[in-house]
Amino acid sequence: MDDLNEYTPQPIPEEFHSEYEERPFLTCTRCGETLSDFPEGFQIAKVFRREEVVFEYAICSPCHTSMIDEFSMASRQTLEDYYNANMTPGLGAGSCGICQLPRKDLPQNEFSLGAACVGSQLLEAFMICSSCMEVSNLLVSKQTQGIWNDFIDTNFPGVPEDSMPCPTNVGLF
Ligand SMILES: [Zn+2]
Ligand SMILES: [Zn+2]
């Protein structure tokens, strides 16, 4: 997706702050570097179960790139094709980017949020409901799923299997 330029940056809304730290994300979850030091920006992901955040991370651009590079070629291509065909860009965090259901109409209040940010500014945000997440999770290869699980295990010990976001979140920007 290279249509980030269509968006007007705005301050990162509280919804994309760290629940755990009770403030905006300051450092990369993977390498620990200060996020605002990266001119290419960083990404935020949060997974909600009902009113609760069950998972969250912020990852700098170099870490993001190196993680995507580890995904198999086939998975990357599959994901890209899937998003090109199914994802409606520009909906923001209010509706599912795939099935377009508004957040308030979701059958269960379960969804994940993603955001692309630079410094203290939000460039683009999206929401994917839990059923669409499940579908896109099935698209990636076992190997790619394994790389993702390793990332989770290394960085988030103790996160229950079923509360993980999908690797597809990572591939969105
Ligand atoms: Zn990093
Ligand atoms: Zn959906």
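Position numbers for residues count from 1 along each chain, tracking the sequence in the order it is written. Here chains are named by letter from A upward and ligands by number from 1 upward, in the order in which they appear as written. Since the coordinates come from a predicted model, pLDDT governs what is reported: local features require at least 70, and pairs of side-chain atoms require 80 or more to be given and counted, while whole-chain, interface and lining totals use all residues. The side-chain figures draw on all heavy atoms in the structure; neither hydrogens nor water molecules are used.

1. Remarks on the overall build of the chain
Convention followed: Only DSSP runs of H or I reaching four residues or more are called helices, and only runs of E reaching two or more are called strands; each is numbered from the N terminus. Each residue's exposure class comes from its accessible area (1.4 Å probe, protein chains only) as a fraction of the maximum for that residue type: buried when under 20%, exposed when over 50%, partly exposed otherwise. Any two residues whose heavy atoms approach within 4.5 Å at even a single point are treated as in contact.
Secondary structure summary: the chain contains five helices and six strands in total. In sequence order, the chain lays out its α and β elements as β-β-β-α-α-β-β-β-α-α-α. In the chain, which comprises 173 residues, the share counted as buried stands at 44%. Counted over contacts in the chain with a minimum sequence separation of 6, partners at least 24 positions apart contribute 66%.

2. Thoughts on the nonpolar core
Nonpolar side chains tend to gather and get buried jointly when the protein is soluble and globular. Applied cut-off: Definition of nonpolar core: a set of buried residues of the types Ala, Val, Leu, Ile, Met, Phe, Trp, Tyr and Cys, connected through side-chain atoms within 4.5 Å.
In this structure, Phe16, Ile44, Ile98 and Ile128 are the most contacted members of the largest nonpolar core, which totals 46 residues. Examining the composition of this core, we find that six residues originate from one element, strand E6 (residues 121–129), more than from any other.

3. Quick look at the coordination of the zinc ion (ligand 2)
Short version of the rule: Coordination here is defined by N, O and S atoms within 2.8 Å of the metal (3.2 Å for Na, K and Ca), and since water is not considered, a site can look incomplete. Every geometry call rests on angle ranges, with four donors termed tetrahedral when all angles are between 85 and 135 degrees, four termed square planar and six termed octahedral when opposite donors are over 155 degrees apart and all others are between 65 and 115, and everything else termed irregular.
Coordination sphere of the zinc ion (ligand 2), protein contribution only: Cys96 (SG), Cys99 (SG), Cys129 (SG) and Cys132 (SG), at 2.3 Å. Considering all four donor atoms around the zinc ion (ligand 2), angles at the metal cover 102 to 116 degrees and the coordination shape is tetrahedral. Summarised as a motif, the one-chain spacing of the donors to the zinc ion (ligand 2) is C-x2-C-x29-C-x2-C. With Cys96 in strand E4 (residues 92–96) and Cys132 in helix H3 (residues 130–137), this residue pair connects regions lying 36 residues apart in the sequence. Like Cys132, Cys96 is buried.

4. With respect to the coordination of the zinc ion (ligand 1)
Distances from the zinc ion (ligand 1) to its protein donors, Cys28 (SG), Cys31 (SG), Cys60 (SG) and Cys63 (SG), fall at 2.3 Å. Around the zinc ion (ligand 1), the four donor atoms are arranged such that angles at the metal cover 101 to 115 degrees; this shape is classified as tetrahedral. Coordination of the zinc ion (ligand 1) draws on donor residues from a single chain, spaced C-x2-C-x28-C-x2-C in sequence. Taken together, the positions of Cys28 in the loop between strand E1 (10–11) and strand E2 (42–49) and Cys60 in strand E3 (residues 52–60) put the pair 32 residues apart, joining distant regions of the chain. A relative accessible area of 3% places Cys28 in the buried class.

5. Description of the pairing of E2
For the record, the criterion: For two strands to be treated as a pair, DSSP must find at least two bridges joining them.
Counting buried positions along E2 gives seven out of eight residues, so the element sits mostly inside the fold. As defined by bridge partners, E2 adjoins E3 across eight bridges and the pair is classed as antiparallel. Opposite Lys46, over in E3, you have Glu56 as the bridge partner. The hairpin formed by E2 and E3 contains two residues between the paired strands, and Arg50 there has a positive phi angle of roughly 50 degrees.

6. Concerning unusual backbone geometry
Negative phi values dominate among residues other than glycine, just as trans dominates among peptide bonds. Of note in the backbone geometry, Glu22 takes a positive phi value of approximately 55 degrees without being a glycine. Note that Glu22 resides in the loop between E1 and E2. By relative accessible area, which is 71% here, Glu22 ends up exposed. The backbone of Gln100 sits at a positive phi, close to 70 degrees, despite the residue not being glycine. Structurally, Gln100 can be placed in the loop between E4 and strand E5 (110–118). Exposure remark for Gln100: the relative accessible area of 41% places this residue in the partly exposed category.

7. Thoughts on H3
Using the following cut-off: Within this analysis, the arc is defined by the directions that extend from the helix axis to the C-beta atoms.
Of the positions making up H3, those classed as buried are Ser130, Cys132, Met133 and Ser136. Summarising the axial view, the buried residues of H3 lie within an arc of 155 degrees, below the 170-degree limit, and thus occupy one face.

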